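This is what each chain is made of:
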Amino acid sequence: MAFNIYDLTSFNQSIDKFLYDNLPSFWAMIVEMTIIGVAFLLFYAVIGLFLVYAERKVCAFIQNRVGPNRVGPYGIFQTIADFIKLLMKEIIPIRKADQFLFNLAPFIVIIASFMAIAAIPFGLGLHAIDLNIGIFYVMAVSSLGVIGVLLAGWSSNNKYSLIGAMRSGAQIVSYELSVGLSMVTIVVLAGSMQLSEIVEAQRNGWFIFTGHVPAFIAFIIFMIASTAETNRGPFDLAEAESELTAGFHTEYSGIKFAFFFLAEYMNMFIVASIATTLFWGGWMPLHIGGWEGFNHVMDIIPPFFWYMGKTLVVIFLMMWFKWTFPRLRIDQLLKLEWKYLLPVNLFNLILMALVVLMKWHF
Amino acid sequence: MTGNQIMFIVFSAMIVIFSILTVTSRRILRAATFLLFVLISTSGLYFMLNFQFLAAVQLTLYAGGIVVLIIFSILLTSHIDEKFESAALLKKVYGAIASILGAVLVINTLINYTFVPSTEAAKDINMNLIGNSLISWGEQGYALPFELISILLLAAMIAAIVVAKKIKTN
């Protein structure tokens, strides 16, 4: 079993062959699905815990504080302690709520983000399903998350929850357009919707560099719109704590609240992953044409670390947004989308089509 | 039984059960949620058949678009305590008869129709093929329906704006 950190394809194939040789094919498939599922669950939990810690530290540094510093060195075990606390907390039943929908909502939110993560390429051979409509699939399943938010707001039987859910609905439905159109701009450049092909097309230069102005505009629009889609500040109207206590998840406690919390951070991770894959070359190392020595040095770093590094930079950008800009009002939010982002985006798409047709890109 | 068959049975059982729950539930938002499950299971069937494009369209348009709009309008108009009144017995009987007749008709047609298995190799349905046939006017082109639908959509959008627009009285 050859383990090559630069290309895990052969490693995966040897596991696949081992299972199919020793088990009937139906059970081999079940075992494979279970392995992948458990791997993703572990990844999900680790990333969730890490991102919560990172957010608190970044927020603290931006506000000139120290942040968590008691549990473990630099407070790195703080989120684990918090998580144990959340697990042990009482789950408060709401008597006048719609019990079925109230309990269902956190699962819809978390399943939507879990489905999206399956199609993301983490490295060569680290790609659970490579659908030929990859990017469209990610968009389709991540649009399901808003249903969980809407259900949670309505079934809580609380006016703050309801207002939060309605704001979040209006916000996500309108910003989804911008996210989709900025993705389409890059699909025009790549000529494919398959995520592995999009990454492969960036072998000799990331799209943010080769795509000239339209790719850069698309990246900025994608960052704005996807920050809004994940309900993060400055677009966190759905849970604006100063006006709506906690918005749609006011009535949730214990592990159900933890689900919403975790799903928010995972959505941020997924959005950053898509930004990395579409604009920053996915797991491709940084190559500069002609600089042979430099390119070889860059190749030493394994693809997975390239991928995680770029994703974390994008996540840092999003955290920076959150703690720098003040929250928008709902009318400002809708005006920004419908009057500015959408027309710019449509124009940008035509510009990109022109660039591709005239072969102005590198 | 192969894995494919088990998956088919699971998906179709979900479709049937949730369809029945959608029309029998007396709370409107629950009905909308069950409808969502029906649509998601249908897209699961498409994924099973490897027709990924249609599956993703089903998810974005129906589950992510239409159901969200339905839920949104329920949020704006109805309260959590509201329940539908149980339908009158006569209406229930008529409804049952109509649905049984419909089911008999469909199942009868399906059983009597002889499906000829195609020997043609499965086509690789990729986005390039779909995109090209949408805007071509040749043998397998859909340019005319595509443009007609876009005119219809434009008309609907303008109509929505006209309806929603406030008329200044003074």
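The structure displayed is predicted, hence computed values, not measured ones.

### Quick notes on the overall build of chain A
Across its full length, chain A carries 15 helices and 0 strands. Here the C-alpha radius of gyration of chain A, 21 Å, is about what a compact globule of 362 residues would show, namely 21 Å. A principal-axis box enclosing the C-alpha atoms of chain A has dimensions of 65 × 55 × 45 Å. When each of the 362 residues of chain A is scored for burial, the buried share is 43%.

### Regarding the overall build of chain B
Looking only at helices and strands, chain B has 6 helices and 0 strands in total. Along chain B, from the amino end to the carboxyl end, the secondary structure elements read α-α-α-α-α-α. With the principal axes as the frame, chain B shows a C-alpha extent of 65 × 50 × 30 Å. For chain B, contacts bridging at least 24 residues in sequence account for 48% of all contacts bridging at least 6.

### Re helix α7 (residues 159–190) of chain A
Over its 32 residues, α7 of chain A extends 46 Å from the first C-alpha to the last, a length consistent with the 46 Å expected when each residue adds 1.5 Å. Remark: the principal bend of α7 of chain A, roughly 25 degrees, maps to Tyr-175 of chain A.

### A word on helix α4 (residues 99–117) of chain A
For α4 of chain A, which comprises 19 residues, the first-to-last C-alpha distance of 29 Å matches the rise-based estimate of 27 Å (1.5 Å per residue) to within 8%. Largest kink in α4 of chain A: about 25 degrees, centred on Ala-105 of chain A, with the proline Pro-106 of chain A one to four residues after it. If you check which residues of α4 of chain A are buried, you get Leu-101, Phe-102, Ala-105, Pro-106, Ile-108, Val-109, Ile-110, Ala-112, Ser-113, Ala-116 and Ile-117 of chain A. On its buried face, α4 of chain A is in contact with α2 (25–62), α5 (134–142), α6 (145–155) and α12 (254–279) of chain A together with α2 (28–48) of chain B.

### Overview of the packing of α6 of chain A against α7 of chain A
Residue and element names in this part refer to chain A. Relative to each other, α6 and α7 sit at 160 degrees, their axes nearing to 7 Å. Our classification of the angle between α6 and α7 gives roughly antiparallel. When you trace α6 past α7, the crossing you get is left-handed. Every residue of α7 that contacts α6 at Val-146, Val-149, Leu-150, Ala-152, Gly-153 and Trp-154 is listed here: Ser-161, Leu-162, Gly-164, Ala-165, Ser-168, Gly-169 and Ile-172. Taken together, the residues that form the contact of α6 with α7 break down as 8 nonpolar, 5 polar and no charged.

### Some thoughts on the domain arrangement of chain A
Residue and element names in this part refer to chain A. Here the domain parsing of chain A yields domain 1 (7–88) and domain 2 (95–357). Placing a centre on the C-alpha atoms of domain 1 and another on those of domain 2 gives a separation of 20 Å. Taken residue by residue, the interface counts 19 residues in domain 1 and 21 residues in domain 2. Elements that contribute at least two residues to the side of domain 1 that touches domain 2 include exactly α1 (9–22), α2 and α3 (78–88). It is α2 that provides the largest number of residues to the side of domain 1 that touches domain 2, a total of 11 residues.

### Here we look at unusual backbone geometry
The phi torsion of most residues other than glycine is negative, and most of the peptide bonds are trans. Residues and elements named next belong to chain A. Despite not being glycine, Tyr-74 has its phi angle at roughly 55 degrees, a positive value. In this fold, Tyr-74 is placed in the loop between α2 and α3. Residue Tyr-74 is classed as partly exposed on the basis of its C-beta count, with 13 C-beta atoms lying within 10 Å. One non-glycine residue, Asn-231, lies in positive phi territory at about 60 degrees. Relative to the helices and strands, Asn-231 resides in the loop between α10 (212–229) and α11 (241–244). Residue class for Asn-231 comes out buried when judged on the 25 C-beta atoms lying within 10 Å of it.

### Concerning the confidence of the model for chain B
Residues with a pLDDT of 70 or more make up 97% of chain B, whose mean pLDDT is 85. ipTM for the predicted complex: 0.81, alongside a pTM of 0.85.

### Overview of the interface of chain A and chain B
Contacts between the two partners involve 27 residues from chain A and, on the opposite side, 22 residues from chain B. If you list the elements that add at least two residues to the side of chain A that touches chain B, you get α2, α4, α5, α6 and α7 of chain A. When the residues that make up the side of chain A that touches chain B are grouped by side-chain class, the tally is 22 nonpolar, 4 polar and 1 charged.

### As for the environment of Gly-37 of chain A
Residue and element names in this part refer to chain A. Tracing the backbone through its elements, the reader meets Gly-37 in helix α2. Overall, the presence of 13 C-beta atoms within 10 Å leaves Gly-37 in the partly exposed class. Spatially, the C-alpha atoms of Gly-37 and His-212 are 39 Å apart, while their sequence positions differ by 175 residues.

### Topic: the environment of Leu-144 of chain B
Note on placement: Leu-144 of chain B falls in helix α6 (residues 143–164). Separated by 10 residues in the primary sequence, Leu-144 of chain B and Leu-134 of chain B place their C-alpha atoms 8.9 Å from one another.

### With respect to the packing of helix α1 (residues 3–24) of chain B against α2 of chain B
Residue and element names in this part refer to chain B. α2 packs onto α1 with a crossing angle of 160 degrees between their chain directions and a minimal axis gap of 8 Å. Considered as vectors, α1 and α2 are oriented roughly antiparallel to each other. By crossing handedness, the relation of α1 to α2 is classed as left-handed. Here Asn-4, Met-7, Phe-8, Phe-11, Met-14, Ile-15, Phe-18, Ser-19, Leu-21 and Thr-22 of α1 lie close against α2, whose contacting residues are Ala-31, Phe-34, Leu-35, Phe-37, Val-38, Ser-41, Thr-42, Gly-44, Leu-45 and Met-48. Grouping the amino acids of the contact of α1 with α2 by side-chain chemistry returns 14 nonpolar, 6 polar and no charged.

### Quick look at the environment of Lys-92 of chain B
All names here are of chain B. Inspection of the secondary structure assignment puts Lys-92 in helix α4 (residues 89–112). Its 12 C-beta neighbours within 10 Å are what place Lys-92 among the exposed residues. Put simply, Lys-92 and Arg-30 are 62 residues apart on the chain and 20 Å apart in space, counted from C-alpha to C-alpha.

About the cut-offs
- Residues numbered from 1 in each chain as written.
- Chains lettered and ligands numbered in written order.
- Predicted model: local features only at pLDDT ≥ 70, side-chain atom pairs only at ≥ 80, totals over all residues.
- Helix = DSSP H or I, 4+ residues; strand = E, 2+ residues; numbered from the N terminus.
- Rg over C-alpha atoms; globule rule 2.2 N^0.38 Å.
- Buried ≥ 20, exposed ≤ 12 C-beta atoms within 10 Å, placed from the backbone.
- Contact = placed C-beta atoms within 7 Å.
- Expected span 1.5 Å × (residues − 1).
- Bend = angle between axes of the 7 residues up to and from the residue.
- Axes fitted to C-alpha atoms, helices over the stretch in contact; angles between N-to-C directions.
- Parallel < 35°, antiparallel > 145°, perpendicular 65-115°, else oblique.
- Left-handed = near helix turned anticlockwise from the far one by under 90°.
- Nonpolar A, V, L, I, M, F, W, Y, C, P; charged D, E, K, R; others polar.
- Domains from an automatic or database assignment.
- pLDDT = per-residue confidence, 0-100.

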